[in-house]
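Listed below are the residues making up each chain.
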Amino acid sequence: MSTILYNDRFIDRSQGKVDMEDRGYQFGDGIYEALRVYNGKMFLLDLHMKRLERSARELRLALPYATDHLAENLDKLIKENAMDYGYVYFQITRGAIARKHRFPEQPINTVLTASVEATDKDEDLHADGIKVSLLDDIRWLRCDIKTLNLLGNVLANQEAFERGAADAILHRDGVVTEGTTCNVFMVKDGVLITHPADHFILNGITRIFVLQLAERLGIPVDERTYTTAELLAADEVFLTSTGVRVTPVLQIDDRQVAGGKPGPITNRLLEAFNQDVEQFVTAVNA
Ligand code: PLP
């Protein structure tokens, strides 16, 4: 039995029921965040909260209470569930009202739910590299908002899985955007290249963190669009997300990329990332 957060209350998971006319259920009208917990503490919390506030603003969705209070509640939730390592997931929908596309005329209560998933400390990491599929990006044009509407991501992720790949790298008319659950980086001639943070991609918290690491390590960065042909000819390719941190890509469909092994810049970033996580873990212990 696990405890979940329901608006401002902590209840048993079995008691967590959402109205069938909730707009999150009807339209995917809501936003979410997922963050990682190391040694009982949330990693990169402030960046996640800032992104949540931005998503809420973009959808004109009122948060039920301030993010400081939300952070306190999430902290309590982790403690209630005695979780050392894992994920916290939370979402906020516009609430329940008779189904109409337009926003409710009367203010209604938004619905916030949060839950945790305990994992091993290094769950989902694949430092040895993975295979991905290259697929069409069929999503809408506001991929910068972290909304519950993930059908384009879900379909591509499933197709990748059915092709024996761990994820898909998406492209719009030959321009690489991101993965279905992650951002994509490539390295060419010592330069780290990734799609700019515009409305075609979600500006991943891990993406932001990796760009900071690159600056710290003196690795040149170019935030620009690049084509699938450039991707296939890259010296290194890797994915970033809260779940996978930095994961080398060694194969795209039936083509080997990046010489078939994790490259030096990928490894440096991965090492720096892991060191920062270790420091975070020890800081919590202190
Ligand atoms: N892009 C998409 C489409 C995602 O769903 C995610 C994570 O869920 C990311 C990028 C990576 O974001 P983050 O680093 O904040 O986990």
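Details of the structure are given in the entry above.
Given the structure is predicted, the values throughout are model-derived calculations rather than measurements.

A. Here's a closer look at the site of the ligand. Around the ligand there are 16 residues in total, and Arg 51, Glu 178, Ile 205, Thr 206 and Thr 242 lie nearest to it. Between an oxygen atom of the ligand and a main-chain N or O atom of Ile 205, the distance comes to 2.8 Å. About the coverage of the ligand: the protein hides 90% of its 390 Å² of free accessible area. Elements represented by at least two residues in the shell around the ligand include exactly strand 9 (175–179) and helix 5 (205–217).

B. Region of interest: the pattern of salt bridges. Inspection of every chain in the model, using the stated rule, returns 20 salt bridges. A salt bridge links Asp 29 to Arg 94, with the shortest nitrogen-to-oxygen separation between them at 2.7 Å. Separated by 65 residues along the polypeptide, Asp 29 in the loop between helix 1 (23–27) and strand 3 (30–38) and Arg 94 in the loop between strand 5 (86–93) and strand 6 (111–118) bring together distant segments of the chain. Residues Asp 29 and Arg 94 agree in their burial class; the two are buried. As a salt-bridge pair, Glu 178 and Arg 139 come within 2.9 Å of each other at their nearest N and O atoms. Taken together, the residues Glu 178 in strand 9 and Arg 139 in the loop between strand 7 (130–136) and helix 4 (151–162) connect sequence positions 39 residues apart. Per residue, the accessibility class of Glu 178 equals that of Arg 139, and both read buried. Connected via shared salt-bridge partners are Arg 54, Glu 58, Arg 142 and Asp 144.

C. Looking closely at the sheet that holds strand 1 (residues 3–6). The antiparallel open sheet is built from six strands, whose spatial order is 2-1-6-5-3-4. At either margin of the open sheet sits one strand with a lone partner, and together these are strand 2 (9–12) and strand 4 (41–42). Alignment of strand 3 against strand 4, held across two bridges, turns out to be antiparallel. Pairing of Tyr 38 across the sheet is with Lys 41, part of strand 4. Contacting strand 3, strand 4 and strand 5, helix 2 (residues 45–58) crosses the sheet at an angle of about 175° to strand 3.

D. View of helix 2. With 14 residues, helix 2 should reach 20 Å at 1.5 Å per residue; the first-to-last C-alpha distance of 20 Å fits that figure. When we look at burial in helix 2, the residues that qualify are His 48, Met 49, Arg 51, Leu 52, Ser 55 and Ala 56. Within helix 2, the buried residues cover an arc of 160° as seen down the axis, which keeps them to one side. Opposite the buried face of helix 2, by more than 90 degrees, sit the exposed residues Asp 46, Lys 50 and Arg 57. Two residues or fewer past helix 2, Arg 60 is found with a positive phi of approximately 50°.

E. Unusual backbone geometry, seen in detail. Positive phi, normally seen in glycine, also occurs at Ala 82, with a value near 50°. Tracing the chain through its elements places Ala 82 in the loop between helix 3 (67–80) and strand 5.

F. Spatial organisation of the nonpolar core. In this structure, Tyr 38, Phe 43, Leu 192, Val 210, Phe 238, Leu 269 and Phe 273 are the most contacted members of the largest nonpolar core, which totals 24 residues. Counting residues per element, the ones that place at least two in this core are strand 10 (183–188), helix 5 and helix 7 (264–285). With residues near it in sequence (within four places) discarded, Val 210 still touches Phe 185, Phe 238, Thr 240, Val 246, Leu 269 and Phe 273. Leu 5, Leu 59, Leu 70 and Ala 114 belong to the second-largest nonpolar core, a separate cluster that totals 23 residues.

What counts and what doesn't
- Residues numbered from 1 in each chain as written.
- Predicted model: local features only at pLDDT ≥ 70, side-chain atom pairs only at ≥ 80, totals over all residues.
- Heavy atoms only, no water.
- Near = heavy atom within 4 Å.
- Polar contact = N/O pair within 3.5 Å; in protein donor to acceptor, adjacent residues only side chain to side chain.
- Areas by Shrake-Rupley, 256 points an atom, 1.4 Å probe, with all protein chains shown as cover.
- Helix = DSSP H or I, 4+ residues; strand = E, 2+ residues; numbered from the N terminus.
- Salt bridge = Lys/Arg side-chain N within 4 Å of Asp/Glu carboxyl O.
- Buried < 20%, exposed > 50% of the residue type's maximum accessible area, 1.4 Å probe, protein only.
- Pairing = 2+ DSSP bridges.
- Contact = heavy atoms within 4.5 Å.
- Axes fitted to C-alpha atoms, helices over the stretch in contact; angles between N-to-C directions.
- Expected span 1.5 Å × (residues − 1).
- Arc of directions from axis to C-beta.
- Core = buried A, V, L, I, M, F, W, Y, C linked by side-chain atoms within 4.5 Å.

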